Amino acid sequence: MAIDTSPVRRIALAIGAALFAAGPAMAAPPQLGPEVERDVVAPEGVAFAPAAADEEGAIDRFAAYVAALAKRDYDAAYAMLRLSLQASSPRLEWEMNLRKRGTLWADGRLRILRLSWYLDPAGQPPGVYAAFDFRGDRADGTMDCGYVVVHRAAPGAGFAIVRTDTSEVPPELIEEGVPKADVLHQLPCYLGKGIATAF
């Protein structure tokens, strides 16, 4: 995939990097490098490949959401949730659940491990979905492991957060930077090749 080096895109990336640098959790926005595992699922007989604009919109929404949580800007993060998710997660309850888990999003380096695309999945509102599996590694040896799913209902529409789940892996469940085998199946993220500790 060609890299967009247009002046507008370079400026947007520079602004995004500056905003993330100002937050406590990440020195730079999470990237979609060649090491990120990718998957595409579409209805049988339908050819689907996400366009560059799809990927850009999805990663921008994901990055903005995790940046807002890292800065404890709950108003901004909640506003990014799809309306149906807001309806099932009242604002006060949603925020209190996050505040009870104060170390999440706090100071880790976030790394996207896999990006999975879904077109019109059965039982869900139609549209394009992108699921980001990630891990966040902290200086104290602990890590976060989870996923965030974004949805775009129609071409040209913005992406909204539709589902998220994150677990903390404490030091006693990690050996040499890797979660112990008996906890791997309990984690909400897909670690895959991302189990490796090298960045």
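Residues numbered from 1 in each chain as written. Predicted model: local features only at pLDDT ≥ 70, side-chain atom pairs only at ≥ 80, totals over all residues. Heavy atoms only, no water.

Considerations on the packing of aromatic side chains
Given two aromatic rings, one states the distance between the centres and the angle between the planes to describe the pair. Here is the rule we go by: Working definition: rings of Phe, Tyr and Trp (its six-membered ring) pair if their centres are within 6.5 Å, and the pair is stacked with planes under 30 degrees apart, edge-to-face with planes over 60 apart, and tilted otherwise. Working definition: helices are DSSP H or I runs of at least four residues, strands are E runs of at least two. Numbering for both runs from the N terminus. Exposure classes here rest on a 1.4 Å probe applied to the protein chains alone. A residue is buried below 20% of its type maximum, exposed above 50%, and partly exposed in between. Look at NZ for Lys and CZ for Arg. If either is within 6 Å of the ring centre and within 35 degrees of the ring normal, a charge sits over the ring.
Evaluation of the coordinates by the stated rule reveals four aromatic pairs. Ring geometry for Tyr74 and Trp94: centres 6.3 Å apart, planes at 85°, overall edge-to-face. One end of the pair, Tyr74, is in helix α3 (residues 74-79); the other, Trp94, is in helix α5 (residues 91-99), with 20 residues separating them in the sequence. One exposure class covers both Tyr74 and Trp94, and it is buried. Members of the aromatic cluster, connected to one another through ring pairs, are Phe62, Phe132 and Phe134. Over the ring of Tyr78 we find Arg91, and its NZ or CZ is 5.5 Å from the ring centre.

Notes on α5
Rule in force here: By definition, the arc is the one covered by directions from the helix axis to the C-beta atoms. Two residues form a contact once any of their heavy atoms are found within 4.5 Å.
Of all the positions in α5, only Trp94, Glu95 and Leu98 are classed as buried. One side of α5 holds all its buried residues, which, seen down the axis, span an arc of 95°. Next to the buried residues of α5 lie α2 (52-70) and α3.

Description of the confidence of the model for the protein
As a reminder, the rule being used: Confidence of the predictor in every single residue is expressed as pLDDT, which spans 0 to 100.
Within the protein, residue pLDDT values average 79, and 77% of them lie at 70 or more. Summarising per-element confidence for the protein, the mean pLDDT is lowest in helix α1 (residues 7-22) (36) and highest in α3 (96).

A short note on the pattern of salt bridges
In plain terms, the rule: A side-chain nitrogen of Lys or Arg and a carboxyl oxygen of Asp or Glu constitute a salt bridge if their distance falls within 4 Å.
Taken as a whole, this structure holds eight salt bridges when the rule is applied. Here Arg91 and Asp75 are joined by a salt bridge, their closest N and O atoms 2.3 Å apart. Of this pair, Arg91 sits in helix α5 while Asp75 sits in helix α3, and the two are 16 residues apart along the sequence. Judged by its relative accessible area of 24%, Arg91 is partly exposed. In this structure, Arg101 engages Glu168 in a salt bridge whose closest nitrogen and oxygen atoms are separated by 4.0 Å. Linking Arg101 in the loop between α5 and β2 (109-119) with Glu168 in strand β5 (residues 160-169), this pair joins segments that are 67 residues apart in sequence.

Side note on the side chain of Glu95
Cut-off, in case you're wondering: Polar contacts here mean pairs of N or O atoms no more than 3.5 Å apart (in protein, one a potential hydrogen donor and the other a potential acceptor; neighbouring residues in sequence count only if both atoms are side-chain atoms).
Inspection of the secondary structure assignment puts Glu95 in helix α5. Take Glu95: its relative accessible area is 14%, and that puts it in the buried class. At 2.3 Å, the side chain of Glu95 and the side chain of Arg91 are in polar contact.

Regarding the nonpolar core
The condition is simple: Nonpolar cores were defined as sets of buried Ala, Val, Leu, Ile, Met, Phe, Trp, Tyr and Cys residues, with membership established by side-chain atoms within 4.5 Å.
With 31 residues, the main nonpolar core has Phe62, Tyr65, Trp94, Trp117, Phe132 and Val150 as its most contacted residues. Secondary structure elements with two or more residues in this core: α2, α3, α5, β2, β3 (128-137) and β4 (143-152). With seven residues, the top contributor of residues to this core is α2.

Quick notes on the sheet that holds β5
Under the convention used in this document: Strands pair, by our definition, only if DSSP identifies at least two bridges between them. The convention used is that axes are lines fitted to C-alpha atoms, helices contributing only their stretch in contact, and that angles between N-to-C directions extend from 0 to 180 degrees.
In spatial order, the strands read β1-β2-β3-β4-β5; together these five strands make up an open sheet with mixed pairing. Bordering the open sheet on either side are β1 (37-41) and β5, each of which pairs with just one other strand. Averaged over all pairs of adjacent strands, the angle between strand axes in this sheet comes to 15°, irrespective of strand direction. Two strands pair when backbone bridges link them, and β3 and β4 are joined in this way by 10 bridges, in the antiparallel orientation.

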